[in-house]
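Now for the letters of each chain:
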Amino acid sequence: MALRYLDEQISEALLETGAVSLRPNQPFTWSSGLKSPIYCDNRILISHPSVRDLIALGFAEAIRERYPQAEVVAGIATGGIPHGAFVAQKLNLPMIYVRDKAKGHGKENLIEGDLKPGQKVVMIEDLISTGGSSIKAALAVREAGAEVLGVLAIFSYQLEKATVNFKEAGIPFDSLSNYTALIDVALKLGKIGEQDIALLRSWRENPERYGA
């Protein structure tokens, strides 16, 4: 379930900036080889000040309501790092970021910033597909002795695999917008037609067999 603060506005912003594209009849091919009617590149969003501020506002409100005990905001490399910084600034909280792998030189840090054992951390991600990279980063923070309160993302594909993976890891997660909300907004904006809805929904239900 998406957070209900600004989900329609954020879904519209994702579509209007081109961060998310829907192409139900000419599917994209992901790097994994998976065929998909949706492609998401939220890195575009940092070039749009009003949109990134809207996202930071959504994250800040979610953290205040769900995780008022948060002491640190953690950006997940790479897409979550700038948004982690924006929301940390709004909340006047310390910020760290977690690399996808440790540096190969110097102190070989995996976590950058000042993280103390026992601190309560909210992880910020730009996109959740299966949850693998988010969970990996959260576990690194746990291993450093801190407590992970949850993962918040800009957008989620709402794949069942992500739900299972986060549950197994014991990590709460949610998103400011998601696949279902985005389809609803895309229909209102005329970016897709009623005839596309069933096909788009079928992908989320069984992405491996999409178009088969």
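An account of the accompanying structure is given in this report.

Cut-offs used in this document
- Residues numbered from 1 in each chain as written.
- Predicted model: local features only at pLDDT ≥ 70, side-chain atom pairs only at ≥ 80, totals over all residues.
- Heavy atoms only, no water.
- 1 Å grid on protein atoms, 1.4 Å probe; cavity = no way out; pocket = protein on both sides within 12 Å on 5 of 7 lines; lining within 4 Å.
- Points joined across faces, edges and corners; volume = space filled by probe spheres on them.
- Helix = DSSP H or I, 4+ residues; strand = E, 2+ residues; numbered from the N terminus.
- Nonpolar A, V, L, I, M, F, W, Y, C, P; charged D, E, K, R; others polar.
- Axes fitted to C-alpha atoms, helices over the stretch in contact; angles between N-to-C directions.
- Parallel < 35°, antiparallel > 145°, perpendicular 65-115°, else oblique.
- Left-handed = near helix turned anticlockwise from the far one by under 90°.
- Contact = heavy atoms within 4.5 Å.
- Buried < 20%, exposed > 50% of the residue type's maximum accessible area, 1.4 Å probe, protein only.
- Pairing = 2+ DSSP bridges.
- Right-handed = clockwise from strand over helix to strand, strands pointing away.

Focus on the layout of surface pockets
Working step 1: Space inside the largest pocket adds up to approximately 540 Å³.
Working step 2: If you go around the largest pocket, you meet 23 residues; those closest to its centre are C40, D126, L127, S129 and Y157.
Working step 3: At the level of secondary structure, the elements contributing two or more residues to the lining of the largest pocket comprise β4 (38-40), β8 (120-128) and α4 (132-143).
Working step 4: At 4 residues, the largest contribution of residues to the lining of the largest pocket is made by β8.
Working step 5: Considering only residue class, the lining of the largest pocket consists of 7 nonpolar, 12 polar and 4 charged.
Working step 6: In this model, the second largest pocket occupies a volume close to 220 Å³.
Working step 7: Every residue along the wall of the second largest pocket is listed here: W30, S32, L34, S129, T130, L159, E160, K161, R204, P207 and E208.
Working step 8: Grouping the amino acids of the lining of the second largest pocket by side-chain chemistry returns 4 nonpolar, 3 polar and 4 charged.

Description of the packing of helix α6 (residues 179-188) against helix α7 (residues 197-205)
The packing of two helices is summarised by the inter-axis angle and the distance between the axes.
Working step 1: Where α6 contacts α7, the two axes come as close as 11 Å, and the packing angle between them is 165 degrees. If you check the angle between α6 and α7, you find them roughly antiparallel. Taken as a pair, α6 and α7 cross one another with a handedness that is right-handed. Of the residues in α7, those touching α6 at Y179, T180, I183 and L187 are I197, L200, W203 and R204.
Working step 2: The residue inventory of the contact of α6 with α7, partitioned by class, reads 6 nonpolar, 1 polar and 1 charged.

A few points about the pairing of strand β5 (residues 72-76)
Working step 1: With 5 of 5 residues buried, β5 is to be regarded as a mostly interior element.
Working step 2: In the sheet, β5 pairs with β8 via 4 bridges, with the strands oriented parallel. By the bridge assignment for β8, A74 is matched with M123.
Working step 3: Traced from β5 through helix α3 (residues 80-91) to strand β6 (residues 95-98), the parallel crossover comes out right-handed.

Focus: the packing of helix α1 (residues 7-17) against α6
Working step 1: Two elements in contact, α1 and α6, have axes whose closest approach is 9 Å; the angle formed by their N-to-C orientations is 70 degrees. The angle between the axes of α1 and α6 places the two elements in the roughly perpendicular class. Here α1 and α6 pass one another in a crossing that is right-handed. Here α1 contributes E8, S11, E12, L14 and L15 to the contact with α6, which in turn contributes A181, L182, V185, A186 and K188.
Working step 2: Counted by class, the contact of α1 with α6 contains 6 nonpolar, 1 polar and 3 charged residues.

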